[in-house]
Amino acid sequence: HRHVHKTGGTAVRGIMASLHKRGDAIVQRGLGSWSCKIDWGHVDEALERAHNASLPRPASPRALVFELHEACTGWVSQELPRITELRTLPSARVFLTTLVRSPFSHSLSAWMWGGKPSFGRFNRTIDYWLPYNMQSNQLLHGDFDRFMMGNKEPMGKRYRHFGEAEFNRTLDVVRRFDLVCTTEELAPCMERLLQELGLPFVRIGHAAPAHGRMGAGTLPADESKVVQEECTAKGLDCAAIVAERTRYDARLYAHALGLWSVARAAPVGIARLPPIGPPLVAERRTGGTVAPTLPLGNHRVAFLHYHKTGHDLSPLLAKRASRFLDGVQFSGRVTENKRSAFSHPLNCHSAKDIQVWTAPDIALRTSPVPSCYFVVQFIRDPSDWAISYYDYHRQVPTPEAWVKRHQPNCSFAQQQYPEALGLDAETVHQLMTACTALVSPGKSYWWHLNTLPEAEGLRLMAYMNILGGHIDDDAAAGDLGRAAANVVALTAQDAMRHRMANVWMDEVLTDLDGAMRELAAFLVNAFDRRDDEGSDAHGPTLVQQLRAALVDAETTRFEAKAGGAHITSSNSTAAKDRKARLVASLQADLLLGPVHRRWRLLFDH
């Protein structure tokens, strides 16, 4: 069990200790106290007993249990490959587990456990101490500041620099696990674990010891008192603070929710499911990032975007990349009608090019996308997408005329949308009913956006981005559902699974260099622009070209938006606080939150 701090690993330890006392399991501490450095001698001995019938064998079922908790810096690079190799032995059954906790609860618990005991006496608050994306950082890097300095140096800098490339590597690590659960579902998760191992049920207790150096307190089951004392009484909006500092942890948690929902519904014995997306591929370092090694050939690249996910940005980047990459041309936008069946003829006979696809319904295409195509999906987090969608269209005057012509229609534009999202009939009914409750018959989108309170107007646009309604093709709705159906249709083609990449608009805004490195590495591979030694000779320069294109555009176009009514482009403190509050409200929504998390799961894979 990979025990990340403050996720419930101590309860798992208690379960295994009870099994150890019963003689049903042997608990090993690795090469140190709960160390990630596995004592492979014990593993070899257990395997030898399994192979050699002459050696004494335990009378009852036994499991060799390791709690991987401390000294985990080299775990991903050193120990995880050996665990993966162990799976190939017929005498060994490996079962790797971990827990992920909701970011808000985890942040409060970490503060009460490690931050407040050190800094509370100096009148410091959670806002001062809380590190960025603590769970994601620990899963990938394994490092943990034993002195619990939080956001302070030297570890604070490492945590703050965690970006999209590192998060994708974190998901690759998570895919190696057999069972990933959320802390909130600890009891059924542990029951499933014991079933998988063929071990008897034992009482699942709760123990959260204080940090050894500090004697810290723990978080009670009811968080309301802690929120009152540590947040409200000190004038802090903890929800906004946590939302800002756990953006990747929130995505990790959504990913874990999806994995657990699938695993708990599967029969015992197959909790380890095949990956939804492409399998792990060989990796090689390219300009400071990690990119998959892709097949070579005469390839074409499509930049696929939707409303509010890069309409201006995608052709801008395509033009700049094609000018830099000799022999690659820019073919412009090739989709005839947005939000309709993608019938444009695609073939592999033309010259290498980069083309732009604007919100097509690929799922309605009658022929598959040819295998020479590579697809870059320009997407954004569903909550951020909904806020941008809401703010952009409620401007006065509105920048798009359809907002005043069309009325919200709370139905799915295509049946493929709910199917791609894995929504059952009851959830579909709830979405349509909740949307309809916000709509005044006969009134336009623009009327609703400028009449409804902010929270209701935002929810309406979040619903419409999922549903789409039965409306003309010039009305930009349903793109979140459309994107889900498209990614399912594309990944159904085996060849396409290795030929897709994501450009997250959120990452472009917060880590431009990192986002452009990922895109440049993908393009260099797609068009085979490596030197004789296999290195990405063009990569660093292409990153500079792509970044420069956006900087130039920001001067001429994006600054104008930031200074206008398009609040989501503003960097002011008030705009950031507002956005964090609205994101938190959508993530906590009992209907929209789960649907958004399902959507994220499709693209995180």
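As a reminder, the structure under discussion sits directly above these lines.
Residues numbered from 1 in each chain as written. Predicted model: local features only at pLDDT ≥ 70, side-chain atom pairs only at ≥ 80, totals over all residues. Heavy atoms only, no water.

Description of the overall build of the protein
Step number 1: The secondary structure content of the protein amounts to 25 helices and 11 strands.
Step number 2: Across the 605 residues of the protein, 54% fall into the buried class.
Step number 3: Of all intrachain contacts in the protein linking residues separated by at least 6 positions in sequence, the fraction that spans at least 24 positions is 76%.
Step number 4: If you sum the accessible surface of the protein, you get close to 25900 Å²; carbon and sulfur atoms cover 52% of it. (Helix = DSSP H or I, 4+ residues; strand = E, 2+ residues; numbered from the N terminus. Buried < 20%, exposed > 50% of the residue type's maximum accessible area, 1.4 Å probe, protein only. Contact = heavy atoms within 4.5 Å. Areas by Shrake-Rupley, 256 points an atom, 1.4 Å probe, with all protein chains shown as cover.)

Describing helix α22 (residues 512-526)
Step number 1: In this model, α22 (15 residues) spans 21 Å end to end at C-alpha, consistent with the 21 Å of a helix rising 1.5 Å per residue.
Step number 2: Across the 15 residues that make up α22, a large majority, 12, are buried.
Step number 3: Taken as a whole, α22 has its buried residues at L512, G514, A515, M516, L519, A520, A521, F522, L523, V524, N525 and A526. (Expected span 1.5 Å × (residues − 1).)

Focus on the sheet that holds strand β11 (residues 500-504)
Step number 1: In spatial order, the strands read β8-β9-β7-β10-β11; together these 5 strands make up an open sheet with parallel pairing. The open sheet has two edge strands, β8 (329-333) and β11, and neither has a second partner. Within this sheet the neighbouring strands show an average axis-to-axis angle of 20°, counted without direction.
Step number 2: Two strands pair when backbone bridges link them, and strand β10 (residues 373-379) and β11 are joined in this way by 5 bridges, in the parallel orientation. (Pairing = 2+ DSSP bridges. Axes fitted to C-alpha atoms, helices over the stretch in contact; angles between N-to-C directions.)

As for the packing of aromatic side chains
Step number 1: Evaluation of the coordinates by the stated rule reveals 14 aromatic pairs.
Step number 2: For the ring pair W111 and W129, a centre distance of 5.9 Å and an interplane angle of 50° mean the geometry is tilted. Here W111 is found in helix α4 (residues 103-119), whereas its partner W129 is found in helix α5 (residues 126-129), with 18 residues between them in sequence.
Step number 3: The class of W129 is buried, set by a relative accessible area of 1%.
Step number 4: A centroid spacing of 5.5 Å and a plane angle of 70° characterise the contact between F162 and Y248, whose relative ring orientation is edge-to-face. With F162 in the loop between α7 (155-160) and α8 (164-174) and Y248 in helix α12 (residues 247-265), this pair connects stretches of sequence that are 86 residues apart. Here the two residues F162 and Y248 agree in accessibility, since each one is buried.
Step number 5: Linked through ring pairs, Y306, W385, W504, W599 and F603 together constitute an aromatic cluster.
Step number 6: Over the face of the ring belonging to W504 we find R600, whose NZ or CZ atom lies 3.8 Å from the ring centre. (Phe/Tyr/Trp six-rings, centres within 6.5 Å; stacked < 30°, edge-to-face > 60°. Lys NZ or Arg CZ within 6 Å of the ring centre and 35° of its normal.)

A look at the pattern of salt bridges
Step number 1: Counted according to the given criterion, the structure contains 19 salt bridges.
Step number 2: D381 is the partner of R600 in a salt bridge, and the nearest nitrogen-oxygen pair spans 3.0 Å. With R600 in helix α25 (residues 592-604) and D381 in the loop between β10 and α14 (382-393), this residue pair connects regions lying 219 residues apart in the sequence.
Step number 3: The class of D381 is buried, set by a relative accessible area of 15%.
Step number 4: One salt bridge in this structure joins E454 and R578, with 2.8 Å as the shortest N-O distance. Remark: R578 occurs in helix α24 (residues 573-588) and E454 occurs in helix α19 (residues 454-467); sequence separation between them is 124 residues.
Step number 5: Of the residues examined, E454 reaches a relative accessible area of 25% and is grouped as partly exposed.
Step number 6: Take R578: its relative accessible area is 10%, and that puts it in the buried class.
Step number 7: Each of D391, R394, E454, R578 and R581 takes part in salt bridges that share partners, so that together they form one network. (Salt bridge = Lys/Arg side-chain N within 4 Å of Asp/Glu carboxyl O.)

Digging into a positive patch on the surface
Step number 1: Together, K319, R323, R333 and K338 line one region of the surface with positive charge.
Step number 2: Tracing the sequence through the fold places K338 in the loop between β8 and β9 (353-358).
Step number 3: On the basis of relative accessibility, which here comes to 37%, the residue K338 falls in the partly exposed class. (Patch = residues over 30% accessible without salt bridge, like charges linked within 9 Å, V, L, I, M, F, W, Y side chains within 5 Å. Lys, Arg positive; Asp, Glu negative; His and termini not counted. Charge placed at Lys NZ, Arg CZ, Asp CG, Glu CD.)

Let's talk about the state of the cysteines
Step number 1: Going through the model one piece at a time under the given rule, you end up with 5 disulfides.
Step number 2: For C181, the disulfide goes to C189, at an S-S distance of 2.0 Å. Between C181 and C189, the S-S torsion sits near 75°, and that sign places the bridge as right-handed. C189 carries the same exposure label as C181, and that label is buried.
Step number 3: Between the sulfur of C231 and that of C238 lies a disulfide, 2.0 Å long from S to S. Residues C231 and C238 are joined by a disulfide whose S-S torsion is about -100°; by sign, that bridge is left-handed.
Step number 4: Overall, the relative accessible area of 2% leaves C231 in the buried class. (Disulfide = S-S within 2.5 Å.)

Comments concerning α25
Step number 1: Its 13 residues place the ends of α25 18 Å apart at the C-alpha level, agreeing with the 18 Å of an ideal helix rising 1.5 Å per residue.
Step number 2: Counted residue by residue, α25 has 10 buried out of 13 residues, so it is predominantly covered.
Step number 3: Considered for burial, the residues of α25 that qualify are L592, G593, V595, H596, W599, R600, L601, L602, F603 and D604.

What about the pairing of β10?
Step number 1: Most of β10 sits out of view: 7 of its 7 residues are buried.
Step number 2: Of the two faces of β10, the one lined by Y373, V375, Q377 and I379 and the one lined by F374, V376 and F378 are each fully buried.
Step number 3: Of the strand pairs in this sheet, strand β7 (residues 300-305) and β10 are connected by 5 bridges, and their pairing is parallel. The partner of R300 across the bridge, within β10, is Y373.

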